[in-house]
Amino acid sequence: MFDVISILAQTAQALPPTPEAQAIIDRGDPYFKRLCELTDFSEADAIWNTAVNAGIAACSRDFHLGFQMGIALWEQTHPAINR
């Protein structure tokens, strides 16, 4: 089951950003530029990527939890399927 959930999560993450998500990305650009002014580009990029990856990990965890909760709810509302 975990493999199916992982495949679905990866597929969802590969989708293009929604307009709302793109707006958030665009609002982050000035902060990245400021970070580049405070340190060199390589370090700024590493800091930024670490923060982004933390957000991705949290989204992946939330996706897995939501999917598992959805399956559990579906199983409870479809008792004939349970054997």
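To be clear, the structure that these remarks concern was listed above.
Residues numbered from 1 in each chain as written. Predicted model: local features only at pLDDT ≥ 70, side-chain atom pairs only at ≥ 80, totals over all residues. Heavy atoms only, no water.

S.K.: Please set out the pattern of salt bridges residue by residue, giving values where relevant.
M.R.: Pairing between side chains of opposite charge can happen when their charged atoms approach one another. Throughout the structure, instances matching the rule amount to 2 salt bridges. One salt bridge in this structure joins Glu37 and Arg34, with 3.2 Å as the shortest N-O distance. Linking Glu37 with Arg34, this pair stays in helix α2 (residues 19-38), spanning 3 residues, or about one helical turn. Glu37 gets classed as exposed once you look at its relative accessible area, which sits at 60%. In this structure, the salt-bridge partner of Arg61 is Asp62, at a minimum N-O distance of 3.2 Å. (Salt bridge = Lys/Arg side-chain N within 4 Å of Asp/Glu carboxyl O. Helix = DSSP H or I, 4+ residues; strand = E, 2+ residues; numbered from the N terminus. Buried < 20%, exposed > 50% of the residue type's maximum accessible area, 1.4 Å probe, protein only.)

S.K.: How would you explain helix α3 (residues 41-77) if you had to name every residue and give the values?
M.R.: Look at α3: 53 Å from first C-alpha to last across 37 residues, which is about the 54 Å you get at 1.5 Å a residue. By the burial criterion, the buried members of α3 are Ala44, Ser60 and His64. (Expected span 1.5 Å × (residues − 1).)

S.K.: Talk me through the packing of α2 against α3; I want residue IDs and the actual numbers.
M.R.: Interhelical geometry of α2 versus α3 gives an angle of 140° and a closest axis separation of 8 Å. Comparing the axis directions of α2 and α3 gives the class oblique. Of the two possible hands of crossing, α2 and α3 adopt the one that is right-handed. Touching Gly28, Tyr31, Phe32, Leu35 and Cys36 of α2 are Phe41, Ala44, Asp45, Ile47 and Trp48, all from α3. (Axes fitted to C-alpha atoms, helices over the stretch in contact; angles between N-to-C directions. Parallel < 35°, antiparallel > 145°, perpendicular 65-115°, else oblique. Left-handed = near helix turned anticlockwise from the far one by under 90°. Contact = heavy atoms within 4.5 Å.)

Keep in mind these values describe shape, not function.
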